[in-house]
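Listed below, chain by chain, are the residues.
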Amino acid sequence: QVQLVESGGGLVQPGGSLRLSCVASGTIFDIKDMGWYRQAPGKERELVATSTSGGIANYADSVKGRFTISRGNAKFTWYLQMSSLKPEDTAVYYCYAACKRTVFRTYEAYWGQGTQVTVSS
């Protein structure tokens, strides 16, 4: 199996910063794409940022210039650096990865359990 575990959420004041981390573990041959999504109360889950294995990043318009997705030095680790946070960034943030468990399998989507980010004074 594949497990994704997020960390780094919490309560922060408007204008503040947080860094989310995601670590993928288990039987993993390759990760093609990785990223972050979020879901606010009463809203659908939405893309925040994604990164391909080649390092091409894609951001939601609402976070461009404020959030940065990056890969860690450790294998199967990635981050979301969030700056200039706004109350509307409040949501549960989920990490995502398209993983291939063996060379013979196709890529499948995996999700973390989510971490709460609350931006409030």
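The sections below set out a description of the structure shown in this document. Note that this is a predicted model, so its numbers are computed, not measured.

### Quick look at a nonpolar patch on the surface
Where nonpolar side chains cluster on the molecular surface, the patch consists of F29, V103 and F104 and spans about 380 Å² of accessible area. Looking at where F29 falls in the secondary structure, it is placed in the loop between strand 3 (18–26) and strand 4 (30–39). Note on F29: relative accessible area 47%, which makes it partly exposed.

### A closer look at the packing of aromatic side chains
The final tally for this structure, using the stated rule, is three aromatic pairs. Considering the side-chain rings of Y37 and W111, the 5.0 Å spacing of their centres and the 70 degrees angle between planes classify their relative orientation as edge-to-face. Pair noted here: Y37 is in strand 4 and W111 is in strand 10 (residues 108–111), with a separation of 74 residues, a long-range link. Under the relative-accessibility criterion, W111 is labelled partly exposed at 37%. Judged by centre distance (5.1 Å) and plane angle (55 degrees), the rings of Y96 and W111 are tilted. In this pair, Y96 is assigned in strand 9 (residues 91–100) and W111 in strand 10, connecting sequence segments 15 residues apart. Stacked on the ring of Y79, the Lys or Arg R19 has its end atom at 4.0 Å from the ring centre. Here the guanidinium or amino end of K32 rests over the ring plane of Y107, the centre of that ring lying 4.7 Å away.

### Describing unusual backbone geometry
The phi dihedral of F76 falls on the positive side, at around 60 degrees, and the residue is not glycine. Along the chain, the position of F76 falls in the loop between strand 7 (67–71) and strand 8 (77–82). The phi dihedral of S84 is positive, around 50 degrees, even though this residue is not glycine.

### A word on the sheet that holds strand 8
The four strands are arranged 1-3-8-7 in an open sheet whose pairing can be described as antiparallel. A strand with exactly one partner marks an edge of an open sheet, and here the two such strands are strand 1 (2–7) and strand 7. Ignoring which end each strand starts from, the neighbouring axes of this sheet average 15 degrees apart. As judged from the six bridges shared by strand 1 and strand 3, these two strands associate in the antiparallel manner. Within the sheet, the bridge partner assigned to V5 lies in strand 3 and is V23.

Rules behind the numbers
Numbers given to residues run from 1 along each chain, matching the order in which its sequence is written. Residues qualify for local features only when their pLDDT is at least 70, as the model is predicted, and side-chain atom pairs are given and counted only at 80 or more; totals for whole chains, interfaces and linings, by contrast, use all residues. As a convention, hydrogens and water are excluded, and side-chain values are obtained from all of the structure's heavy atoms. The patches reported here contain residues having more than 30% relative accessible area and no salt bridge. Joining distances are 9 Å for like charges and 5 Å for nonpolar side chains (Val, Leu, Ile, Met, Phe, Trp, Tyr). Each accessible area value is a Shrake-Rupley result obtained with a 1.4 Å probe; residue values ignore everything except the protein chains displayed when judging cover. Take a side-chain nitrogen of Lys or Arg and a carboxyl oxygen of Asp or Glu: if they are within 4 Å of each other, that pair is a salt bridge. Runs of E in the DSSP output that reach at least two residues are strands. Runs of H or I that reach at least four are helices, and both are numbered from the N terminus. The rule is simple: take the accessible area with a 1.4 Å probe, protein chains only, and divide by the maximum for that residue type; under 20% is buried, over 50% is exposed, in between is partly exposed. Any two of the Phe, Tyr and Trp rings considered here, Trp counted by its six-membered ring, make a pair once their centres fall within 6.5 Å; the pair's planes then place it as stacked at under 30 degrees, edge-to-face at over 60, or tilted in between. For a ring to carry a charge above it, either NZ of a lysine or CZ of an arginine must fall within 6 Å of the ring centroid while also lying within 35 degrees of the normal to the ring plane. Note: two strands are recorded as paired if DSSP finds a minimum of 2 bridges between them. Axis lines are fitted through C-alpha atoms, for helices just across the contact stretch, and the angle between N-to-C directions can take any value from 0 to 180 degrees.

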